[in-house]
Structures are given as C-alpha cells and as structure tokens.
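The chain contents come next:
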Amino acid sequence: MYDFTYEKPTAIAAATATLAADMEAKALAGGQTFIPVLKQRLNKPTVVVDLSKLGLTGITVTPSTVTIGAMTTHATVANSAEVQKAIPALAHLASMIGDRQVRARGTIGGSLANNDPSACYPSAVLALGATITTDRRTIAADDYFQGMFTTALEQGEIITSVTFPVPEKAAYQKFRNPASRYAMVGVFVAKFAAGVRVAITGAAQGGVFRHAAFEAALSANFSPDAIAGIATPADDLNSDIHASAEYRAHLIGVMSKRAVAAA
Amino acid sequence: MPNVTLTVNGKSHTVEVEGRTLLVELLREKLGLTGTHVGCDTSQCGACVVHIDGNSVKSCTTLALQADGTTVTTIEGLAAADGTLHPMQEAFREHHALQCGFCTPGMVMSAIDLVQKNPQGLSEADIRHGLEGNLCRCTGYHNIVKAVSAAWHTMHGKELVAAE
Ligand SMILES: Cc1cc2nc3c(=O)[nH]c(=O)nc-3n(C[C@H](O)[C@H](O)[C@H](O)COP(=O)(O)OP(=O)(O)OC[C@H]3O[C@@H](n4cnc5c(N)ncnc54)[C@H](O)[C@@H]3O)c2cc1C
Ligand code: FES
Ligand code: FES
C-alpha cells in the first residue's frame, strides 16, 4: 500500500473542503472495498478522509419513508427492528451482504458511492426509487447510477443519507457467488400503488438496471407466472469464469420469480 | 507520523504509525501480538479477526488509525490471568475443532462475537452462516460447529443436552 495522510474531520464542511482542495484526496467509509483496493495499489490517494466522525449514522422511519445515514453499517440496517417492520426486504438484503465482519464495518454510503456491478444495495435503491442526499443536493435513483463503478457524484461530493419510499410489498433474491458472496444475479422487486419496479444487479456490464419487460408484466399481474414466459436478452450481460451471459439471463428469470413469490 | 491510542486486551498503548498501517500490522509488528494471523490479501479468510468495541472485524481491512480511541481484544486477551482458557477456547480443544491452527484465532474471535450476540439460541445452520467470513482448510468445519454450539451453552449458562 502506498502511504497517505489520514484525516478524521468532525464537520462535513471540513471533509468536503479537503476533498475539494485535492483531486487525489479520497473519502473512507467502512473500508471494506477501499482498503482492499489500496492494498492492490489500484489507487494512490494523497489524503484519506475518514467520514466516521461526521454524524452520518442512524435510521429514521416515517409512515411513508425510511431514511438511512450514509455511514450506517450493513449490520445496523439488517438488525434494525424499524427497518425490518417498514421494508423487511431492505433488512434482508443487508443481512445477506458479505459476512458478519464485512457487515460490521461496510456502509450503505460506501456501497452506493462505489457502485460495484455486483453489489446488493444499488438494486434496492433503484427498485424502490430512493433519493440520495449529498452534502450539496438530492439525486433520484434513476439519475444516480451511470454504469459500473460510475455514479452521478461529483469529485469530492459526499453522500449523507438515502431515503427509501415504503412500498406495498418488496423482496430481494440473490444468487451468491459462493466464494466472494457478491451477487452473481440479485433481483429487487418493489410493488407500489403506481406500479412495480424491478432492478437487477450482478448481471449486466453496465451495472444495476431496471427490467422494463418484467415491470410491465408485473404491474398488470403481480405473480411469478406473469413473467414466466419473458426471456431476458443476454447481449449486454456479463460473461466471466463464474457464469456465462446466457446463464445470467436465465438466473434473472429464476431469481425474479422467486422475488415476486417472496414479496 | 501520527499517533494512535487504543486499549488492547485491557492495556492502553500509544503507538506511532503511518496512515497506511493496518490494524493487524500494529498488533503483530508493533505490539508483538502474533496470535492474530494474516491468511489472505483479499479480506476473505477471517484469520485476522479481532474485536473492536465488541464487534468482530477483519483487522487486515481496518487502518490502525481507524481504531484510535477504541478497545481491541485479540486471541491473547481471552484466557484468564492464571491460564484458564475462555469457554470458546476450551470448547475448541475439547471438540478437536482445530488441526493446523492457522484459522483458529480468527475463528475463535468470530465465534465468541456470534455467541454473545445470539443469546436466544444458535442452530447448526446459524453457526455455519455466522462463520462464513472464516475459512478453514483443514477441519471440514464439523468440529468447529460442534465446539461453537457447546460454547454457546457454557457461555449462556445452559445445560448441554447431547444431540441424538
Ligand atoms: C469479503 C467481502 C464480501 C463482500 N460481499 C458483498 C456482497 O455480497 N454484496 C455487496 O453489496 N457488497 C459486498 N461487499 C462490499 C461491502 O458491502 C462494502 O462495504 C461496500 O461495497 C463499500 O462500503 P464501505 O463502507 O466499506 O466503503 P469504503 O470501502 O470505505 O469506500 C468505498 C468507496 O466509496 C467512497 N465513499 C464511501 N463512503 C462515501 C460517502 N458517504 N460519500 C461519497 N463517497 C463515499 C470511497 O471514497 C471509496 O471510493 C463485500 C466486501 C468484502 C470484503
Ligand atoms: S487476512 Fe484478513 S481476511 Fe484474510
Ligand atoms: S485448522 Fe488449519 S486452517 Fe483451520
């Protein structure tokens, strides 16, 4: 690992000032992605800005929304009685990320800033139509994800919280890579009065995406049978040592049906 | 270079580190606590697990400076001063839950956290799921699961009813 200067500011303004002053400065949340990246020397920051003392943890639930602070760990979301009650699928998703040690440190803000094409949270944010709040603005989920490891965040912009609308029903189903425990295909299905949203992670070259054909069919008839006959084209899906694009296309159908059944 | 001040196994230390120093490097190289192992470079094996403020975490994926002001427990901090083993260590010995022993410190630290956070009970499936961040290349896990189940009973003061 290359060396760097470490800072732990106690005010958001101080953190953003450091990040704005130096293009090579980087934010640190739980470190469960960033520290492995640093070890591989894939990134060479001058300054690492630890976000843990900015007061960005906590969960607030209203009858129609769940708001989660960016530095809230996966373990806290998974174990929150309030999240389990309001959006059980979100708590379930968090409980399936990595392992207990990763969940003890990894955060929702870090996961969303990183936007790994196999990460779990992006599917919940996109399917639930969540809003991402940063130090300077709010960003709708549909505008936020811009391809693998790419988001609408500007240089030095810090996610402060994420607000999820409470759906009528929702479920997350994940086919895990047995070694890494990331999603080989993960499907988040959410049913609102206005219709159904389906987001797929782990499968596409461009990262998380909405499945328009499944959404139309499920908005008309919310049952696994409604999507049984709809094939997903394999063209833009990932092929790697774990699964071919065709197999991932097949898994999208299987996991989506399971998610609808579980919702 | 910055200083980090933390309590390790009940003793306070102030140590000079670099920004990039990992917690596991601080423990092993600066404090000589070599019971915490490093088994991988990918945050996956769990050989390096220690407790920070009561949570099991991977010390190879934590910067020393992130642990400033915290209380850390390593495998060396478990046994009593007179050498009496922690119930989890005793259960690992009793149930032959280790062979080469390389994964054992991390396995024991993860298992203690799992048992402490689940006073309501732990099924075999819960134990296997709960230890998925710890890899063992020797035992095949069966005896580890037995040991953790036995230690759950000792740690929560429950009678161990033999299965089958
Ligand atoms: C063994 C293992 C298994 C895993 N399995 C899964 C899995 O199954 N599913 C899954 O989804 N993830 C998985 N992960 C990843 C894990 O969820 C990470 O915690 C997460 O991707 C990153 O969160 P973090 O808090 O650790 O962020 P960090 O690693 O600290 O940061 C990641 C990136 O985000 C930036 N960043 C962090 N916070 C903010 C913020 N608030 N605002 C702006 N930028 C920010 C950082 O600068 C950095 O570039 C796994 C990780 C490991 C090590
Ligand atoms: S050495 Fe830390 S997870 Fe392998
Ligand atoms: S006892 Fe050898 S790796 Fe687990």
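Residues numbered from 1 in each chain as written. Chains lettered and ligands numbered in written order. Predicted model: local features only at pLDDT ≥ 70, side-chain atom pairs only at ≥ 80, totals over all residues. Heavy atoms only, no water.

## As for the pattern of salt bridges
Residue and element names in this part refer to chain A. Going through the model one piece at a time under the given rule, you end up with 16 salt bridges over all chains. In this structure, the salt-bridge partner of aspartate 135 is arginine 136, at a minimum N-O distance of 2.9 Å. The exposure class assigned to aspartate 135 is partly exposed, which follows from its relative accessible area of 29%. Taking the relative accessible area as the measure of exposure, arginine 136 reaches 40% and is therefore partly exposed. Here glutamate 154 and arginine 136 are joined by a salt bridge, their closest N and O atoms 3.0 Å apart. With glutamate 154 in the loop between α9 (141-144) and β8 (159-165) and arginine 136 in the loop between β6 (131-134) and β7 (138-140), this pair connects stretches of sequence that are 18 residues apart. Residue glutamate 154 is classed as partly exposed on the basis of its relative accessible area of 43%. (Salt bridge = Lys/Arg side-chain N within 4 Å of Asp/Glu carboxyl O. Buried < 20%, exposed > 50% of the residue type's maximum accessible area, 1.4 Å probe, protein only. Helix = DSSP H or I, 4+ residues; strand = E, 2+ residues; numbered from the N terminus.)

## Details of the environment of Glu154(A)
The spatial distance from the C-alpha of Glu154(A) to the C-alpha of Ala20(A) is 10.0 Å, given a sequence separation of 134 residues. With residues near it in sequence (within four places) discarded, Glu154(A) still touches Arg136(A) and Arg137(A). (Contact = heavy atoms within 4.5 Å.)

## Digging into the sheet that holds strand β3 (residues 49-52) of chain B
Strands pair in a sheet through their backbones, by hydrogen bonds, and they do so in one of two ways: parallel or antiparallel. All names here are of chain B. Spatially, five strands are ordered β2-β1-β5-β3-β4 in an open sheet, and the strand pairing comes out mixed. The sheet terminates laterally at β2 (11-16) and β4 (55-58), the two strands that pair on one side only. Each strand of the sheet is rotated relative to its neighbour by a mean of 40°, with strand direction disregarded. As judged from the four bridges shared by β3 and β4, these two strands associate in the antiparallel manner. Within β4, the position partnered with valine 50 by the bridge is valine 57. Helix-sheet contacts for helix α1 (residues 23-30) involve β1 (3-8), β2, β3 and β5 (71-73), and the interaxial angle to β1 is about 75°. Here helix α3 (residues 104-116) sits on the sheet and contacts β3, β4 and β5; the angle it forms with β3, its principal contact strand, is near 40°. (Pairing = 2+ DSSP bridges. Axes fitted to C-alpha atoms, helices over the stretch in contact; angles between N-to-C directions.)

## Focus: the pairing of β1(B)
Side-chain positions along a regular strand alternate between the two faces of the sheet. Residues and elements named next belong to chain B. Of the two faces of β1, only one is covered, namely that formed by Val4, Leu6 and Val8; the face formed by Asn3, Thr5 and Thr7 stays uncovered. Direction of pairing for β1 relative to β2: antiparallel, over a ladder of six bridges. Counted as the bridge partner of threonine 7 is serine 12 from β2. Where β1 hands over to β2, the hairpin turn is made up of two residues, of which asparagine 9 adopts a positive phi near 50°. Pairing of β1 with β5 involves two bridges; the strand directions are parallel. Bridged to valine 8 within β5 is valine 72.

## Focus on the sheet that holds strand β1 (residues 5-7) of chain A
Residues and elements named next belong to chain A. Taken in spatial order, the three strands of this open sheet run β1-β3-β2, and their pairing is parallel. This sheet does not close on itself; its edge strands, each paired only once, are β1 and β2 (26-28). On average, each strand axis in the sheet is inclined to that of its neighbour by 30°, with strand direction left out of account. Contacts from helix α1 (residues 12-21) reach β1, β2 and β3 (47-50), with the element oriented near 160° to β3.

## Considering the site of ligand 1
In the neighbourhood of ligand 1, 32 residues make up the surrounding shell, with Ala27(A), Gly31(A), Phe34(A), Thr107(A) and Arg181(A) lying closest. With respect to ligand 1, the chains having nearby residues are chains A and B. One of the backbone nitrogen or oxygen atoms of Gly98(A) is found 3.2 Å away from an oxygen atom of ligand 1. Here Cys120(A) contributes a backbone N or O atom positioned 2.7 Å from an oxygen atom of ligand 1. Alone, ligand 1 offers 980 Å² of accessible surface; in the complex the protein occludes 95% of this. For the shell around ligand 1, the elements supplying multiple residues, two or more each, are β2 and α7 (108-114) of chain A. If one sorts the elements of the shell around ligand 1 by residue count, α7(A) sits on top with four residues. For the shell around ligand 1, the class distribution of residues is 14 nonpolar, 14 polar and four charged. For the shell around ligand 1, the domains that each give at least three residues are domain 1 (5-50) and domain 2 (59-262) of chain A. (Near = heavy atom within 4 Å. Polar contact = N/O pair within 3.5 Å; in protein donor to acceptor, adjacent residues only side chain to side chain. Areas by Shrake-Rupley, 256 points an atom, 1.4 Å probe, with all protein chains shown as cover. Nonpolar A, V, L, I, M, F, W, Y, C, P; charged D, E, K, R; others polar. Domains from an automatic or database assignment.)

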